[in-house]
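Spelled out from the first residue to the last, the chains are:
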Amino acid sequence: MAHAIEFRDFSLSYGKTPVLEQIDLGIPSGTCIAIIGPNGSGKTSLLKSIVGLNKPDTGTIKVQGHPPTRAWRRRIQVGYVPQIKSIDKEFPISVYEVVMLGRTAHIGYFRYPGKKDRLIVEDSLRRVNMLHLADRPIGHLSGGQQQRVFIARALAQESKILLLDEPATGLDIPTQQSIYELLDELHGDGITTVTTTHDLLALEFHHFDQVLCLNRRVIAFGPPEKVLIPPILSQTFSGLPWPTRLSFSYAQ
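Residues numbered from 1 in each chain as written. Predicted model: local features only at pLDDT ≥ 70, side-chain atom pairs only at ≥ 80, totals over all residues. Heavy atoms only, no water.

**Q** Any chance you could break down the overall build of the protein for me, citing the residues and the numbers?
**A** Across its full length, the protein holds 10 helices and nine strands. A fraction of 67% describes how many contacts in the protein between residues 6 or more apart in sequence connect residues 24 or more apart. On the protein, roughly 12,700 Å² of surface is accessible, and the fraction owed to carbon and sulfur atoms is 53%. (Helix = DSSP H or I, 4+ residues; strand = E, 2+ residues; numbered from the N terminus. Contact = heavy atoms within 4.5 Å. Areas by Shrake-Rupley, 256 points an atom, 1.4 Å probe, with all protein chains shown as cover.)

This is the structure we're talking about:
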């Protein structure tokens, strides 16, 4: 199976602070991946590296076979859903307009959306069950509804790769379940999804093909039944050095 995303000896630091170290990782196309680890383990930095926002100290990253340069981002869109932040309830932008922003790279700046763009936005909203709220101000929605809108914005980019950074954080349990049910549907459409979380309960709501345990380094990467075991979770969430006596089958 071809890789949608591939890291090779990838290391990243912010100033003198190491953030990611010697990441070797291949994420197959069409798979649904969870990245777990404590806060500060490098999960968000890994996602930002995939969209080309971080320049590595060493190593390489390729997305669909290409380095994620600025020119690449204009040609190949990767849907990125950042962590939900507080939104000004009076900010004058509608749900429809937020999702249309996902079409910017296709439309170009200072041009009006065409019929195709409008149809794609409507379809993206329909897929996340938010079309009926298209005219609602984004600040008037609940956290779960806002998250669905931002997923729709990513879908409007027509990408086959969707990156979600802590998509269920701060949401109640039923809303978390609905978000992960939506990810199931997208996975069924053949979209490669990569989701970060520090909450292990999230893994009960959604089936992931593989789980990446990350704490600056790759602790383990493989099927959930082989990775989600006490010794590995202890290494992931305690920050202890990687023990060479443990061995796992990494994606090649």
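**Q** For the packing of aromatic side chains, give the residues involved together with the corresponding values.
**A** This structure, assessed with the given rule, holds two aromatic pairs. Seen from their ring centres, Phe7 and Phe10 are 5.1 Å apart, and the 85 degrees between their planes marks the pair as edge-to-face. Of the two residues, Phe7 and Phe10, both sit in the buried class. Arranged with centres 6.3 Å apart and planes meeting at 80 degrees, the rings of Tyr180 and Phe208 form a pair that is edge-to-face. With Tyr180 in helix α7 (residues 173-188) and Phe208 in the loop between α8 (202-205) and β8 (210-215), the pair connects residues that are 28 residues apart, well separated along the chain. The pair formed by Tyr180 and Phe208 is uniform in burial state, with each residue classed as buried. (Phe/Tyr/Trp six-rings, centres within 6.5 Å; stacked < 30°, edge-to-face > 60°. Buried < 20%, exposed > 50% of the residue type's maximum accessible area, 1.4 Å probe, protein only.)

**Q** Which residues make up the sheet that holds β8, and what are the values?
**A** If you trace the six strands from one edge of the open sheet to the other, you get β5-β6-β7-β3-β8-β9, paired in mixed fashion. Lying at the two open borders of the sheet, with one neighbouring strand each, are β5 (79-81) and β9 (217-222). Across the sheet, the axes of successive neighbouring strands diverge by a mean angle of 15 degrees, strand direction being ignored. With five bridges connecting them, strand β6 (residues 161-165) and strand β7 (residues 192-197) associate as parallel partners. If you follow Leu163 over to β7, its bridge partner there is Val194. Helix α1 (residues 43-50) rests against β3 (32-36), β5, β6, β7 and β8 of the sheet, and its axis sits at about 150 degrees to β6. (Pairing = 2+ DSSP bridges. Axes fitted to C-alpha atoms, helices over the stretch in contact; angles between N-to-C directions.)

**Q** How would you summarise the sheet that holds strand β2 (residues 17-28) if you had to cite specific residues and measurements?
**A** Here three strands make up an open sheet; going across it, the order is β2-β1-β4 and the pairing antiparallel. One side of each edge strand has no neighbouring strand; the edge strands of this open sheet are β2 and β4 (58-63). In this sheet, adjacent strand axes meet at a mean angle of 20 degrees when their direction is disregarded. Packing against the sheet, α1 makes contact with β1 (3-14), β2 and β4, and its axis sits at approximately 120 degrees to β1.

**Q** Describe the pattern of salt bridges, and please don't skip the residues or the numbers.
**A** Applying the stated criterion across every chain yields a total of eight salt bridges. Between Arg8 and Glu6 there is a salt bridge whose closest N-O contact spans 2.9 Å. The salt bridge partner of Glu158 is Arg103, with a shortest N-O separation of 2.9 Å. With a gap of 55 residues between them, Glu158 in the loop between α6 (143-155) and β6 and Arg103 in the loop between α3 (95-100) and α4 (104-107) connect regions that are remote in the sequence. (Salt bridge = Lys/Arg side-chain N within 4 Å of Asp/Glu carboxyl O.)

**Q** Summarise the nonpolar core; cite the residues concerned and give the values.
**A** With 44 residues, the main nonpolar core has Leu125, Val149, Ile151, Leu162 and Leu186 as its most contacted residues. With six residues, the top contributor of residues to this core is α6. Leaving out residues up to four positions away in the same chain, Ile151 has contacts with Val81, Val128, Leu162, Leu164, Leu182 and Leu186. (Core = buried A, V, L, I, M, F, W, Y, C linked by side-chain atoms within 4.5 Å.)

**Q** Give a detailed account of the pairing of β7, specifying residues and quantitative values.
**A** In terms of burial, β7 is a largely internal element, six of the six residues being buried. Side chains of β7 alternate between two faces, with Thr192, Val194 and Thr196 and Thr193, Thr195 and Thr197 buried alike. As paired elements, β3 and β7 share five bridges and run parallel to each other. If you follow Cys32 over to β7, its bridge partner there is Thr193. The parallel pair β6 and β7, bridged by α7, forms a crossover whose chirality is right-handed. (Right-handed = clockwise from strand over helix to strand, strands pointing away.)

**Q** Let's hear about the pairing of β2: which residues, and what values?
**A** Bridging between β1 and β2 involves eight bridges; their strand directions are antiparallel. Residue pairing in the sheet places His3 in a bridge with Pro28 of β2. The hairpin formed by β1 and β2 contains two residues between the paired strands, and Gly15 there has a positive phi angle of roughly 65 degrees.

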